[in-house]
Amino acid sequence: MSLLVVGLSHRSAPVSVLERASLAVETQAKLLQDTLAAEPATEAAVLATCNRIELYADVDKFHAGVAELSTLLAQHSGVGLEELTPYLYVHYEDRAVHHLFSVACGLDSMVVGEGQILGQIKDALARGQELHTAGRLLNDLFQQALRVGKRAHSETGIDRAGQSLVTFGLQQLAAGADPERWAAGKRALVIGAGSMSSLAAATLARTGVADIVVANRTRSRADRLVEILQQGDDTAVRARAVEMSAVGDELTRADIVVSCTGSTGLVLTADALADALGVTLDAAPERPAVTATPAPADVDQHAAWVENGSAASAAQAGQATALRRVTVPAQSTGPVRLALLDLAMPRDIDGAAHRIDGVRLVDIESLAEASADAPMAADVDRVRTIVSDEVAAFGAAQRAAHVAPTVVALRTMAAGVVAGEIARLDGRLPDLDEKQRAEITQTVRRVVDKLLHAPTVRVKQLASEPGGAGYADALRELFDLDPQTVAAVSRADLNDPNRGRS
């Protein structure tokens, strides 16, 4: 196994960089195809959410893999490699597995413990399978990540440590008030009809808003979301769908707006919001905020960090974390007439909306700032233990699977030797009757099986331990096994239609 992940997230990069580096669905497909077309990757999958972009690959060369994956991310995101590199992180082999399992459990989420990431991992796997870029390793990895995430949520109270971005965002809009009491009777406008917007609409309905209007570029998807909302037994919300062209009119009647589209440009400008409220867009003072920004580094340094395996080695390689002071527009201080929740990446709502009297805007950047101070539940430690155990089990299973084709090839070769010797015996003793021949054949097979049993069982045990990958190579050398035969067994296992189903 040579699993490599190169990526950036809300933990490593400012929102402004994540926003520019976001990947549309069609861009993700092209990235996967180009990753396989370039050496040294043989498999690839991309996990792209509103606060992370990660490229996973099975590579045969570490340094070349880091350089290639970093370059491809830069090319397809449109952010130059020199600018992107300081924000990239690299994980390799077991550390890459640990990272994805942690992500699946919500430990690496902006809101710790949120479960929405499981659906996003499932989508990433489905995309890799559809495009035939996810092979044995990534299929096993992502399927196991989903199981680990579900285990964490079922066996611990990690759900109490956090919630979805939607719920957390509504809490921030309520500004300390009870969200249900704050939202009761309000009118909401949801822009977009994808998975995040659908979750937002359902959450708003359960929270107690009176009316929900859904606007989407594809009207049929908005109609479908409205139909689902009206079928809910636990809400009495009134819902209707409109064309995107009606958003301006709906803004004049809305109390809450949640937007999450795949648009590459602004959906709501500050001027449009000001017009809807009938106010003037004025300049406002700015408040200082401090964010951590990595100092420049290069791809070779990333490789050094991974190989040395510690934060100290990163510092020795020349990486330091510098604090830079940035300015974030201050929120208006008057009564809130319109509450805006922007969950899109890149953003849907103009950041200048902060300056409009009567508007409160919560976006990915402010959510990241707020969640940094959120308390973590004690169950997080239990989830970390689950992740560590599952990483060890996954590594052992992968190493054992690596030696399995060699064991099968060895037994196939032994069966061929037995068959050849029985055929020679038939030529020397043609007068043997069927019963005698069968007894001799069975005896020879038992001898061979007994001779092979102990070494094959032991080699599987040894291979499952750290550093055990070399035992398969030793077995091939000792018994002079044809590498093509071993490879054929591996391909047959990979093409098994029942393999990996859960």
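Look up a bit, the structure's there.
Conventions used here
Residues numbered from 1 in each chain as written. Predicted model: local features only at pLDDT ≥ 70, side-chain atom pairs only at ≥ 80, totals over all residues. Heavy atoms only, no water. Pairing = 2+ DSSP bridges. Helix = DSSP H or I, 4+ residues; strand = E, 2+ residues; numbered from the N terminus. Axes fitted to C-alpha atoms, helices over the stretch in contact; angles between N-to-C directions. Core = buried A, V, L, I, M, F, W, Y, C linked by side-chain atoms within 4.5 Å. Buried < 20%, exposed > 50% of the residue type's maximum accessible area, 1.4 Å probe, protein only. Contact = heavy atoms within 4.5 Å. Phe/Tyr/Trp six-rings, centres within 6.5 Å; stacked < 30°, edge-to-face > 60°.

Peer 1: Help me get a handle on the sheet that holds strand β2 (residues 41–49), residues and values and all.
Peer 2: Ordered in space as β2-β3-β1-β4, the 4 strands form an open sheet in which the pairing is antiparallel. On the outer flanks of this sheet lie β2 and β4 (89–92), each paired with one strand and no other. Between one strand and the next, the sheet's axes are offset by a mean angle of 15°, whatever the strand orientation. For β2 and strand β3 (residues 52–59), the ladder comprises 8 bridges, and the chain directions are antiparallel. Each residue of the ladder has a partner; that of threonine 49, found in β3, is arginine 52.

Peer 1: Go over the nonpolar core with me, naming the residues and quoting the values.
Peer 2: Leu165, Leu204, Ile212 and Leu343 are the most contacted members of the largest nonpolar core, which has 68 residues in total. Non-local contacts of isoleucine 212, meaning those with residues more than four positions away in its chain, are made with Ala188, Val190, Ala201, Leu204, Ala205, Leu229, Val237, Arg238, Ala239 and Arg240. Core analysis: the next-biggest nonpolar cluster, separate from the first, contains 35 residues, Phe101, Leu146, Ile158 and Val383 among them.

Peer 1: Go over the pairing of β3 with me, naming the residues and quoting the values.
Peer 2: Burial runs high along β3: 8 of the 8 residues are buried. Burial along β3 is two-sided: Arg52, Glu54, Tyr56 and Asp58 and Ile53, Leu55, Ala57 and Val59, pointing in opposite directions, are all buried. Pairing of strand β1 (residues 3–9) with β3, which is carried by 7 bridges, proceeds in the antiparallel orientation. Among the inter-strand pairings, leucine 8 is bridged to a residue of β3, identified as isoleucine 53. Connecting the antiparallel pair β2 and β3 is a turn made up of 2 residues.

Peer 1: Describe in detail the packing of aromatic side chains, supporting the description with residues and values.
Peer 2: Within the structure shown, the criterion is met by 3 aromatic pairs. Plain terms: the ring middles of tyrosine 56 and phenylalanine 142 are 5.4 Å apart, the flat faces sit at 80° to each other, and that makes the pair edge-to-face. One end of the pair, tyrosine 56, is in strand β3; the other, phenylalanine 142, is in helix α7 (residues 136–155), and 86 residues separate them in sequence.

Peer 1: So, the side chain of glutamine 28: which residues are in play, and what are the values?
Peer 2: Mapping glutamine 28 onto the fold places it in helix α2 (residues 25–37). Those residues within four positions of glutamine 28 in sequence are excluded, and the remaining contacts are Leu23, Val46, Ala48 and Arg127.

Spatial relationships are all this shows, so hold off on functional conclusions.
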